[in-house]
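Structural features, examined
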Amino acid sequence: MNARTFGPIPGSTILTGITGRKAIVMAANVRIATVAEGIFKAAKDTDSAVFMELARSESDLSGGYTGMTPQVFSEKMHAAAAAVGCDIWALHADHISIKKGDAAEIEGTKELIDAQVKAGYTSFAIDASHLFNFQGKNVREELAENIAITSDLARYIRQKMNGKEFGLEVEVGEIGRKDTGGLILTRPEEAVGFIKALNENDVYPHVIAIANGSSHGHAYDANGNVVEQLSIDINRTKEIAQALRDNHLPVGIAQHGITGTPRDLINLHFPKGDIIKGNVGTFWQDVAFGILKIYEPSLYKNIVDWTLEKYRPANPGKKDSQIFDGNCKNAIKVFYKEIYAVDEETSTAMQAMAYAESLVFFRAFGSYGTASAIRKSLN
């Protein structure tokens, strides 16, 4: 069926299909859907598997800050995959975040999941990492609420998928969380304890997102300039992967916050095979805005002006460039019609740039050839 329709396959098929390979599957947060065709074409040309995803903040029942509901995002990704004939991809619900854990939030989360399932999503990431008990006397007590809510929502997804296979990602450490000493890192015993507890609840994730020094979006220096992100703790990541293996837990690591990480570092030093899913989000937004800046300068200026007018008062002392960089994502929904009404020349340039950059990511991730390996597992 997929060979004819080029629709998404289960995330579980992709994540288990690369077992044993020194490879990372790229997961692209496509906030401006125009770049998707370029990413899919690069995936096809390099024989790479790929995830296409948006987080709850980016795409919810009201469109999030991208203006795309789950149904709209699904339709756009289906169309882009079919346009280039890409067949090994998953449609992933990134960061289904739960921040309070009360009954109303859980109910709203299940309504979002209902919409994602109806839209044909084939993979889901439950993120209850914000619910951490700092007064807990041990790992189980610290993670108790995260364990309970993740288990409940995972079982709900399984029920709604009604026998269909799907990928499952969970999160044990809130990405980018800091204390007075800096970024808080996940400990191996936290990851192991979390997965063991979920297994006891009949929940078996394929990947786990950890806090290993990354942060979402860009990194900045003291003057507000964008700098390379070099904070990912490779040794801690390896320690967690080894601890999971030592406890016979077949769970890979999902690396979040890759934007800004030098791709030569990813290529040479990331523990591929330990990390099996790599999220790239803000990067594709930068690609889209970079093209608009040259091809649609009037539209780009309107986006900049709106962003600075809205967010400058809340960011005293920051340079305009940092204010724009940190908040321009919120302009996507506001300028949705204009962004998707650009001429063919602009769209072509956006897709071409996304294509070229994707080639580099797929190479750095070691993902060339993963699609064929997964295809074999389907036969």
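Everything in this summary refers to the structure shown in the same document. (Residues numbered from 1 in each chain as written. Predicted model: local features only at pLDDT ≥ 70, side-chain atom pairs only at ≥ 80, totals over all residues. Heavy atoms only, no water.)

Remarks on the overall build of the protein chain
A tally of regular secondary structure across the protein chain gives 16 helices and 12 strands. Relative to a compact globule of 379 residues, whose C-alpha radius of gyration would be 21 Å, the protein chain shows 20 Å and is just as compact. Counting only C-alpha atoms and orienting by the principal axes, one finds that the protein chain spans roughly 55 × 55 × 45 Å. The burial tally for the protein chain puts 57% of its 379 residues in the buried class. Total accessible area computed for the protein chain in this model is approximately 15900 Å², and 51% of it derives from carbon and sulfur atoms. Put simply, the protein chain has 40 plus and 46 minus side-chain charges, and the middle of one group is 2 Å from the middle of the other. (Helix = DSSP H or I, 4+ residues; strand = E, 2+ residues; numbered from the N terminus. Rg over C-alpha atoms; globule rule 2.2 N^0.38 Å. Buried < 20%, exposed > 50% of the residue type's maximum accessible area, 1.4 Å probe, protein only. Areas by Shrake-Rupley, 256 points an atom, 1.4 Å probe, with all protein chains shown as cover. Lys, Arg positive; Asp, Glu negative; His and termini not counted. Charge placed at Lys NZ, Arg CZ, Asp CG, Glu CD.)

Quick notes on the environment of Ile291
Locating Ile291 in the fold gives a position in helix H10 (residues 282–295). Under the relative-accessibility criterion, Ile291 is labelled buried at 7%. For the pair Ile291 and Phe124, spaced 167 residues apart in the sequence, the C-alpha separation amounts to 31 Å. Non-local contacts of Ile291, meaning those with residues more than four positions away in its chain, are made with Glu296, Thr346, Ala349, Met350 and Met353. (Contact = heavy atoms within 4.5 Å.)

Some details on the pairing of strand S5 (residues 167–171)
Side-chain positions along a regular strand alternate between the two faces of the sheet. Burial analysis of S5 places 5 of its 5 residues in the buried class, which makes it a mostly covered element. Two elements, strand S4 (residues 123–127) and S5, share 4 bridges in a ladder whose sense is parallel. Counterpart to Ile126 in the pairing with S5 is Val170. Tracing the backbone out of S4, into helix H6 (residues 139–161) and back to the parallel element S5 gives a crossover that is right-handed. In this sheet, strand S8 (residues 207–209) lies alongside S5 in parallel orientation, the contact comprising 3 bridges. Looking at S8, one finds that Glu169 is bridged to Val207. (Pairing = 2+ DSSP bridges. Right-handed = clockwise from strand over helix to strand, strands pointing away.)

Quick word on the nonpolar core
Met26, Ile39, Phe40, Met52, Met77, Ile208 and Trp284 are the most contacted members of the largest nonpolar core, which totals 101 residues. The element that contributes the greatest number of residues to this core is H6, accounting for 9 residues. With sequence-adjacent residues up to four places away left out, Ile208 is seen in contact with Val170, Val172, Ala191, Phe194, Ile195, Leu244, Val251, Gly252, Ile253 and Ala254. Counting 16 residues, the second largest nonpolar core, distinct from the first, contains Leu15, Ala49, Ala209 and Ile374. (Core = buried A, V, L, I, M, F, W, Y, C linked by side-chain atoms within 4.5 Å.)

Looking at helix H16 (residues 370–378)
Owing to its 3.6 residues per turn, the α-helix brings residues three or four apart onto one side. All of the buried residues in H16 are Thr370, Ala371 and Ile374. Buried residues along H16 cover an arc of 95° about the axis, so they all sit on one side. If you follow the buried residues of H16, they end up packed against helix H2 (11–17). (Arc of directions from axis to C-beta.)

These figures capture arrangement, not role.
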